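Given next are the chains, with one letter for each unit.
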Amino acid sequence: MSRGTTRREFLAGSARLGVGGLVVSTIPLTGPGACDISPIFFTSWEWQTLQAAVDQIIPAEHAGDWAATDAGAHLYIDRLLASFDDEGRPYFPEIYAGGPTRRRFRFFQPLSRVKRIGWANEVVRLRRVYREGLAKLDEMAGDAFADAPALVQESILLSLDLRKAPLFEALYEHVMEGVYGHPAYGGNTGYLAWDAFCYAGDVHGVRFPDQLNPPGTVSDGAWNEHGGYAPEEMIQPGQCPDGEPV
Amino acid sequence: MSSPYDVVIVGSGAGGGMAAYVLTRAGLRVAVLEKGPKQGFANAGDDELRFGERRFIDQDELIEPRTFRDHELQGVHQFVGRVLPVNRSWGGGSVHYGAVSFRFRSADFRARSHWGSLPGADIVDWPLDDTELDPANPQSIWAYYRRVEKLIGVAGGDLANGTPFASEWRGNGDAYPMPGHPPNYGAHLFEQAALQLGLHPFPTPVCINNGSYTLDDPELLPPSSEPLTRTGCTYCGFCSSHACPIGAKGDLAVSALALAERTGRLTAIPDSYAFRVELVNGRASRVVYIDAEGVTRAIEGRVVVLACSTVDTPRLVQLSQLPGDLVDNDRVGRHLMVHHFPGAVGVFEERIDYYRGFWSMRCLDDFYDGSLANGSPSFGFGNLQTVGPSSGYPLMAGGIISTAKTLGWGRGHKQLMDRAFGHVQFLGMIGDDPPVASNRVDLDPQVRDVYGFPVARITYQHHPNDHLVATQMAPHFAALLTAMGAVDQQLVLPTAASTSIPQTLEGGTHRRFKGRFLPDPIGGLVNHQMGGMRMGSHEGDSVLDPSQRFWGIPNLYVSDASVFPTSGGYNPTLTVQALAWRAAERILAEQFS
């Protein structure tokens, strides 16, 4: 842990729970802006290990820079793994956001029978991959992975990358999805990653929020009615959008 | 069981949906089975994670994986997962495609006559007779193209500036229903560069509305039906890989199938997975399927049409174990073609924002018949396009998630994102792929899907001509990107992975070491897939007759890209739809007159 309370201090005051136990407790703040969010799937020990690993995938590179946990990548992963339990029973089966516009993304869609089967199998597999893989990180670090120096953490992950370890494969995909996906899935907190790269993301209904035509007037283009890019915008070089996405 | 339907169609995509429209409009009762869901706009949206990464409507390897090997000698398979994916939802592949809507040229239907033979490949002419290629004939393939273009709403190019083949390809007075779209910035640079090099760029024809589009032609609407109006494109960029949330893309669900439903004679059966076609007395009698609740059911039809796409139609035929005296089962699934996709990625200092607009906004045909500077080619090249905005493509020209996944991890990731995201433009050629008999679809002996049936196995290896084309095109890609102002570029060679079949080479798409910038050979770029149920003029060299009907089974037809004898060098879907219309009219004439 490079920031905030170290896990050692945290654990000094709490008994370590058995692997596989469901922990609902408050984790100490770990960084600026972090809020009290308890993991659903991970134990508090795993939660610290996961956050350390996630921040090696996309690290902060200078003072004031953001890292993957600032964009909520760990929250995204926990939410995905909590969608089904170890027996494949639906728990929070929020796999596909609603549609068609951003306002409705948070109303997740029910899964069809075959989607439920397919995702239950996958989430059960991923839960095992993370549970065993995070324990392996501690083993490779010789002690708590989260307390190891950053260079040690990095080289452990690199060795897992080179041998295509299941934990690394999952971690890499999920960090990228969590950081760069839509916030409806639990990551990309406050559109942090999209703003960092001047990306407007889902533009329907959000790019021209104050240009919606009053009732009874004729729309001068679908981009005004639905949001999107006007034709003249298309042939201009891109720039950072003005202001924060809605 | 209810009385038999006139026609049962398996699959609601470009082939099945268009056939359903023609047949219901003619008064037949038609049932359409679709293994995916029937969605409305509420299930669409600009959500890269849902459509790209989690395969909301794409081939979902968690439900139906496919397997791949590049040669029989590689053993049972080398890869299990996502291979040649096609959308599974009401409207089929037309829901998630890039909507590029080209006609083939007459030479594409006469590949053998035009190119001659090619060692290692079985180049043939299509079984369309000369009258079908005669523009004056109202039943010609061009007439079907024209009707489809009007029905789905194609916005096309102005070909007046000396574009090769313009006069043959679009005759006088045969304009597109809508004018071409404006270019996005990358396509604008491409257009300027191409003109500077003496080439002839034009707007890529797409069935994406340029302004709102109203279909009011009584010849195309069902009897006493209101006009059908759909809104214009907003260039949001979430187009290929996505369902359009406003109906501006002319997919089958909002065009042909919406009109078929107005007739009251269409029965839609979504979330239903067909796994067997049963014959009685040598005729197709019923289709057996698993419904949304997991219950096995059967549906009877006087005529059965298989329209499950290039991979799943041969698979359904193989799962059905049709009698060998009626079907040459060894020929089923052979001559699988993909469009090999030689291309190049350019990196620009300024922001290109390729994700504005849609998949392809400008293209050119100057190299369609080969690179003139390199002597006479032995086989076709293809249409050269700018390609870009999409999700779920494992390369930098995908969405922001797939770009990030391409760029590796650790320190430096964000600098690479700064340089790459929004700064690249991809150019690619829809390379005409020679049909090779050993490239095929069959059943994997080991892997089963969640329904319990053997999955499709793809065996595919590039013909040497594909590499020849890439080599000859390399200097042209370089010249175009340089003229566009690219500060860095990389050629993409036709490894297996430049198409949407997996990369099995070491250092392929799954390599993501730290500090990578330009991608290794790219996977998952073009999903085009053709062949497997070849139609032909003679029973001895094809599975289907010129009506796309099984040679040995008088009421069993196929309507999808699997019937293609050769691949052509254009995006295939408009041709699938034109052929579907043609096949449906033949069904009416042969079965219901």
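The shown structure was predicted, so the numbers you read here are calculated from the model rather than taken from an experiment.

## Let's talk about the pattern of salt bridges
Residue and element names in this part refer to chain A.
- Under the defined criterion, the tally for this structure stands at 46 salt bridges over all chains.
- Among the salt bridges present, the one from R131 reaches E46, with a minimum N-O distance of 2.8 Å. Taken together, the residues span a long stretch of sequence, with R131 in helix α4 (residues 113-141) and E46 in helix α2 (residues 44-57) at a distance of 85 residues.
- The buried category is assigned to R131, whose relative accessible area is 14%.
- Where R79 meets E94, a salt bridge forms, and the shortest distance between an N and an O atom there is 3.0 Å. With R79 in helix α3 (residues 73-81) and E94 in the loop between α3 and α4, this pair connects stretches of sequence that are 15 residues apart.

## A look at the sheet that holds strand β15 (residues 384-387) of chain B
Residues and elements named next belong to chain B.
- Here six strands make up an open sheet; going across it, the order is β5-β14-β15-β16-β13-β19 and the pairing antiparallel. Each edge of the sheet is formed by a strand with only one pairing partner; in this case those strands are β5 (202-203) and β19 (488-492).
- One ladder, built from two bridges, connects β5 with strand β14 (residues 362-364); its direction is antiparallel. By the bridge assignment, P203 is partnered in β14 with R362.
- Seen against the sheet, helix α8 (residues 185-196) touches β14, β15 and β16 (424-429) and runs at an angle of roughly 30° to β14.

## A closer look at the nonpolar core
- If you look at the biggest cluster of nonpolar residues, it comprises 220 residues, and the most contacted ones within it are Y180(A) and F550(B).
- F550(B) has contacts with L306(B), V317(B), L322(B), V327(B), M533(B), V543(B), L544(B), L556(B) and V558(B), leaving out every residue within four places of it along the chain.
- Within the second largest apolar cluster, 10 residues are counted, among which are V83(B), L84(B), V338(B) and I458(B).

## Looking at the interface of chain B and chain A
- At the junction of the two partners, chain B supplies 68 residues and chain A supplies 67 residues.
- Both sides of the chain B and chain A interface together cover about 5700 Å² of buried area, and 60% of this is carbon and sulfur.
- Interface area lost by chain B to chain A is led by R54(B), W409(B) and K414(B), which between them contribute 16%.
- The residue K115(A) makes a salt bridge to D60(B) at a minimum N-O spacing of 2.7 Å.
- Where chain B packs against chain A, one counts 35 residue pairs in polar contact (both at pLDDT 80 or more).
- Listing elements by their share of the side of chain B that touches chain A, those giving two or more residues are α2 (48-53), α8, α11 (400-406) and α12 (413-420) of chain B.
- A breakdown of the residues in the side of chain B that touches chain A according to their chemical character gives 30 nonpolar, 16 polar and 22 charged.

## Observations concerning the packing of aromatic side chains
- Scanning all chains against the criterion turns up 34 aromatic pairs over all chains.
- Centre to centre, the rings of Y180(A) and F197(A) are 6.1 Å apart; their planes meet at 40°, and the pair counts as tilted. Taken together, the residues Y180(A) in helix α6 (residues 166-180) and F197(A) in the loop between α7 (192-196) and α8 (222-226) connect sequence positions 17 residues apart. Across the pair, exposure class does not vary: Y180(A) and F197(A) are buried alike.
- Aromatic rings pair up to connect Y191(A), W194(A), Y199(A), Y354(B), Y355(B) and F421(B) into one cluster.
- In this arrangement the basic side chain of R131(A) is found over the ring face of F41(A), its NZ or CZ atom lying 4.0 Å from the centre.
- Above the face of the F56(B) ring, R50(B) is positioned so that its terminal group lies 5.8 Å from the ring centre.

## Let's talk about helix α14 (residues 573-591) of chain B
- With 19 residues, α14(B) ought to run about 27 Å at 1.5 Å a step, and its terminal C-alpha atoms sit 26 Å apart, in line with that.
- For α14(B), the tally of buried residues reaches 14 of 19 residues, placing the bulk of the element in the interior.

## A closer look at helix α1 (residues 14-25) of chain B
Residues and elements named next belong to chain B.
- In a regular helix each residue adds 1.5 Å, so 12 residues correspond to 16 Å; α1 covers 17 Å between its end C-alpha atoms and thus fits that length.
- Taking burial as the measure, the 12 residues of α1 include 11 buried ones, the bulk of the element.
- Looking only at α1, the buried set comprises A14, G15, G16, G17, M18, A19, A20, Y21, V22, L23 and T24.
- Where the residues of α1 are buried, they touch β1 (5-10), β2 (30-33), α6 (141-152), α9 (256-262), β8 (266-269) and α14.
- Backbone geometry just after α1 places G27 at a positive phi near 105°.

## Focus on the packing of α3(A) against α4(A)
Residues and elements named next belong to chain A.
- Where α3 contacts α4, the two axes come as close as 9 Å, and the packing angle between them is 125°. If you check the angle between α3 and α4, you find them oblique. Together, I77, L80 and L81 of α3 and W119, V123, L126, R127 and Y130 of α4 make up the contact between the two elements.
- A breakdown of the residues in the contact of α3 with α4 according to their chemical character gives seven nonpolar, no polar and one charged.

## Here we look at the confidence of the model for chain A
Residues and elements named next belong to chain A.
- Mean pLDDT over chain A: 82, with 78% of residues reaching 70 or higher.
- For chain A, per-element mean pLDDT is lowest for helix α1 (residues 7-12), which scores 33, and highest for α3, which scores 98.
- Scored below 50 in pLDDT, residues 1-34 shows 58 contacts in the model against residues more than four places distant or in partner chains.

## Observations regarding the state of the cysteines
Residues and elements named next belong to chain B.
- Summed over the entire model, instances satisfying the criterion amount to zero disulfides over all chains.
- With no disulfide of its own, C239 lies closest to C233 among cysteine sulfurs, the gap being 6.4 Å.
- Here C239 falls in the buried class, since its relative accessible area comes to 12%.
- Left unpaired, C244 is separated from the closest cysteine sulfur, that of C239, by 6.7 Å.

The rules behind these values
Residues numbered from 1 in each chain as written. Chains lettered and ligands numbered in written order. Predicted model: local features only at pLDDT ≥ 70, side-chain atom pairs only at ≥ 80, totals over all residues. Heavy atoms only, no water. Salt bridge = Lys/Arg side-chain N within 4 Å of Asp/Glu carboxyl O. Helix = DSSP H or I, 4+ residues; strand = E, 2+ residues; numbered from the N terminus. Buried < 20%, exposed > 50% of the residue type's maximum accessible area, 1.4 Å probe, protein only. Pairing = 2+ DSSP bridges. Contact = heavy atoms within 4.5 Å. Axes fitted to C-alpha atoms, helices over the stretch in contact; angles between N-to-C directions. Core = buried A, V, L, I, M, F, W, Y, C linked by side-chain atoms within 4.5 Å. Buried area = accessible area lost by both parts, 1.4 Å probe. Polar contact = N/O pair within 3.5 Å; in protein donor to acceptor, adjacent residues only side chain to side chain. Nonpolar A, V, L, I, M, F, W, Y, C, P; charged D, E, K, R; others polar. Phe/Tyr/Trp six-rings, centres within 6.5 Å; stacked < 30°, edge-to-face > 60°. Lys NZ or Arg CZ within 6 Å of the ring centre and 35° of its normal. Expected span 1.5 Å × (residues − 1). Parallel < 35°, antiparallel > 145°, perpendicular 65-115°, else oblique. pLDDT = per-residue confidence, 0-100. Disulfide = S-S within 2.5 Å.

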